[in-house]
Amino acid sequence: MIPGKEALVGKNEPQKEKFGSFALFDIEHFLRRVLRNWYWFALMLSIGYAISWFYGKYYAQNIYASDLKLSISNNTASYFTPSQSINFIWGQNGNQDGIYLKKMLLSRSHNEFLVKELGLFVNYTTKGVIKSTYLDKNDSPVFLEVDRKHLQQVNYPITLTPKGGGAYKVSLPEEGQSSYLYSYDIEGFQSIENFGRPGDKTIKVNEWYTTPNLRFRLVPNPVSPTINYENIIVNLSTVNDAVNGIVSTVGVDFDKEINSIMIISKTGFNLNGTVSFLNKSVAELQKKRFNDKIQVDQNTGKYLKNSLADIRKKLDSSAAYLNYLKVSEELYDISNRDEKSLQKIKDLESKKADILSKMNSLNSIKNSVESQGFDKMISPSAAGFDDGLFTASVSELKALYLKKRELSSIYTPNSEPIKEINRLISEAKANSSGSLRNVHTVYITELNKIEKQIVEASSDLTTYPEKQRKYLDAERGYNMIEATYNSLLSRQNESQMRLATNQSDITVIDPAKNLGQGPIGPNVKGTKMTIMGGFLTFPLILILLGSLFDSKVRNIKELIGATKIPLLGVIGNNNNENMLTVINTPKSSVAEAFRGIRANMRFLSGEDDKSKVILVTSSVGGEGKTYVSINLASVLGLSDKKTILLGMDLRKPKIFGDFNIDNKFGISNYLTGETSIDQIINKTNIPNLDVATSGPIPPNPSELLMSERNVKLIEELRKLYDFIIIDSPPVGLVADSYELMKYSDANLYIVRHEYTEKYMLKLITEKYHNEEIKHLGFVYNDYVTKQGYGYGYGYGYGYGYGYGYFDEDKNYTEPFLIKIRNKVKAYFDRK
């Protein structure tokens, strides 16, 4: 059976509506196109690999990381050493000391100190033929020391070329010199007069190099580097940029099992640089914390000593008054004393005295913060609390006030830098004040609770006589002062103990080391895969877009599946100079395809003795309608069937040229009554094949084709010929062929491979399934197998290039992939 000639019994209307609807995306055609264009993928893969290799070797800058582990001791308590205390009242159980240290390590003040101390605003690189490599300061044979009193141009590469004997040639860029220069003294920019580019100059180490935009000298590295570089490129940056660059590369984390162990990491383009920075950073932090602890403990000891002296005076005065009452009033003992109640009152008043003493210390801390008296700051432990956040905010305040004093000598009070520093100071003061308010609130709450308990416990004392109550009040006053004295004395002993045993509460467990760690980034392998994948994706996307927007018929299976119209045969590409393929190359695969169509036509018109009128049409011109008409007529004529070919495409006559026939008289002349039938019939080289050409182009072709004279012509020719082949106009342009189909026995609709638009087939498909057109079949024209990726339909074409069957086989070259497949198959067959 002819493909697509299925019975339509039981099909309902919704099913019919699907006919003529092609899939939006043809995956099979897409995959075929991908395989056919394999060389583009190979080319893109090669280009992507070359670029990725170049990137990895000459462009990618390796990023290294080093880390340092340290332990935080919790056995000390000072202003800079948060510990335990009142924190449990607030429900705080976090690592306050760790939080403070983290803030310190990431603080601007700490890193700014390191930038200035280590000269990290001077950056060293060396440049090869293509790639620049970042160097650690100690990798350079000389250090560049800037004159911080002189204005300097930043982000301006200075090239140092060794000349031997401690001399270096200093080369500056051809362009880019600026009159807007940076001052390391005031950390701001200033403008100078314009100047010309300074020329190259050779200087020796320790010799000052001076230009309008630079002033520096080269200091020899005390440790000779192991590598000799052809050049050293130095770039200066602002202090602010250097600090921001460092903070963004430092990470601080805590051990998951022991939160008092900190892990500090640093990333950078040079491993030695990260190692030296971490070790220096922690060393400076240890030194600073140790010095601050000593100062704070000394301030605390002095504060407690003065407080004890004041309380001692009050204690002596209270003791003297109590003795006076004993002597003058003879109150050595009070009968019927409630010792239990008096002891409870004594304990409560001792607690009250302790809280009041701590509140006095809290007020001292508050006054120090508000008055910026940080040098006289006492330890928060003297006030009975420790809070890492408060400690960090006070430390930040100290740095900010110091910075403000520096900026005030440069900028006016209403300038933006001063406004910004004031904003930061306000934020830090709010943080510290908030912590102090929280502590004060806790103390007030505790104090009110104790006062209430004292009032309740003192209610029984009202029953004593006035003289005895006077003595008890004096005794209670003495006990409260004594409790305050003892509390201060205890805190003084603690402070003296800390001062005597002071040591760093930071212990380095694992210092940062250069152990030959490999780079942690960039992900060169991943980047290479991304680059190659991107280049491979490019042709894939182009092919995908081409497939999505491609509306041409390229798939025989899809054509049959979408239209459900029978396929009579597949015609290959015509390699001849003219259309007479069957006549000129009768042993070709194309000629055999037309013989297959001749055989399949019987399924359309049936087997009877009636002459067959076969109409050939298509959607538009150029699809091979005339070519199929000529060769189909030739096949029928060569099979001893008396056949005539009618050129009824009156608008575009073609047939006469291939048969060398004069088109002076043709069907148009007959239909207008100018000639008879005999005058328009022309003989050909095939005895059983005649041709009636179109004739001159008439002004009214549609009216002529639909005229009764044309119907009469067809009926007369039925009597004379076994087959009548009508080369009709395209149905996508005019409706003439639909009218002619009323008189035909079989209708051939030509679809050209990769030429016919899919949407053009919708109308003919609807008419066929609505039974407006009968005996319709497709002929798939100009189909070329693509190196073994074709369909292999056997309708007279495509069933065997390379087997010596057709004339084309002598020029056949086996495709490369097919050749590989056959060799592999032959190898395994031998086994």
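Check the entry above for the structure.
Here's a quick rundown of the structure. In this numbering scheme, every chain counts its residues from 1 along its sequence in written order. Restriction of local features to residues with pLDDT of at least 70 applies here, the model being predicted, together with a cutoff of 80 or more for giving and counting side-chain atom pairs; totals for whole chains, interfaces and linings are based on all residues. In computing side-chain values, all of the structure's heavy atoms are included and hydrogens and water are not.

1. Here's the deal with the sheet that holds strand 11 (residues 214-220)
In plain terms, the rule: A pair of strands is treated as paired once DSSP finds two or more bridges between them. We count a stretch as a helix when DSSP gives it H or I for four or more residues in a row; a strand needs E for two or more, and each element gets its number in order from the N terminus. All axes are obtained by fitting lines to C-alpha atoms, using only the stretch in contact for helices, and the reported angles, taken between N-to-C directions, cover 0 to 180 degrees.
The sheet built from three strands is open, its strands ordered 4-11-10 with antiparallel pairing. Either end of the sheet is taken by a strand with one partner, and the two such strands are strand 4 (142-146) and strand 10 (208-211). Here the average twist between neighbouring strands, direction ignored, is 25°. Strand direction decides the pairing type here: strand 10 and strand 11, joined by four bridges, are antiparallel. Looking at strand 11, one finds that Trp208 is bridged to Arg217.

2. Looking at the environment of Lys641
Threshold: When accessible area is computed with a 1.4 Å probe and restricted to protein chains, residues below 20% of their type maximum are described as buried, those above 50% as exposed, and intermediate ones as partly exposed. The criterion used for residue contact is that any of the two residues' heavy atoms lie within 4.5 Å.
With respect to the helices and strands, the residue Lys641 is situated in the loop between helix 18 (625-638) and strand 18 (643-647). Judged by its relative accessible area of 38%, Lys641 is partly exposed. For the pair Lys641 and Tyr721, spaced 80 residues apart in the sequence, the C-alpha separation amounts to 7.9 Å. Residues contacting Lys641, with those up to four places away along its chain left out, are Leu636, Asn688, Asp722 and Phe723.

3. Notes on the sheet that holds strand 18
Strand order in the open sheet formed by eight strands is 16-23-22-17-21-18-20-19, with mixed pairing between adjacent strands. With partners counted over all chains shown, the strands left at the sheet margins are strand 16 (567-572) and strand 19 (681-683), one partner each. When strand polarity is set aside, the average angle formed by the axes of neighbouring strands in this sheet is 25°. As paired elements, strand 17 (residues 612-618) and strand 22 (residues 746-752) share five bridges and run parallel to each other. Across the sheet, the residue bridging to Leu615 is Asn747, located in strand 22. Contacts between helix 14 (residues 556-563) and the sheet are confined to strand 16, strand 22 and strand 23 (776-783), with strand 23 contributing the most and set at about 160° to the helix. Helix 18 rests against strand 16, strand 17, strand 18, strand 20 (689-692), strand 21 (723-727), strand 22 and strand 23 of the sheet, and its axis sits at about 170° to strand 21.

4. Here's the deal with helix 3 (residues 38-59)
Given 3.6 residues to a turn, an α-helix orients residues that are three or four positions apart in the same direction. To be explicit about the condition: A helix is expected to reach a length of 1.5 Å times the quantity of its residues less one. The reported arc concerns the directions from the helix axis to the C-beta atoms and nothing else.
Taking 1.5 Å per residue as the helical rise, helix 3 with its 22 residues ought to reach 32 Å, and the 30 Å between its terminal C-alpha atoms agrees with that figure. For helix 3, the complete set of buried residues consists of Phe41, Met44, Gly48, Ser52 and Tyr55. Along helix 3, the residues classed as buried sweep out an arc of 65° about the axis, all on the same side. Check the buried side of helix 3 and you find it contacts helix 2 (27-36) and helix 13 (524-548).

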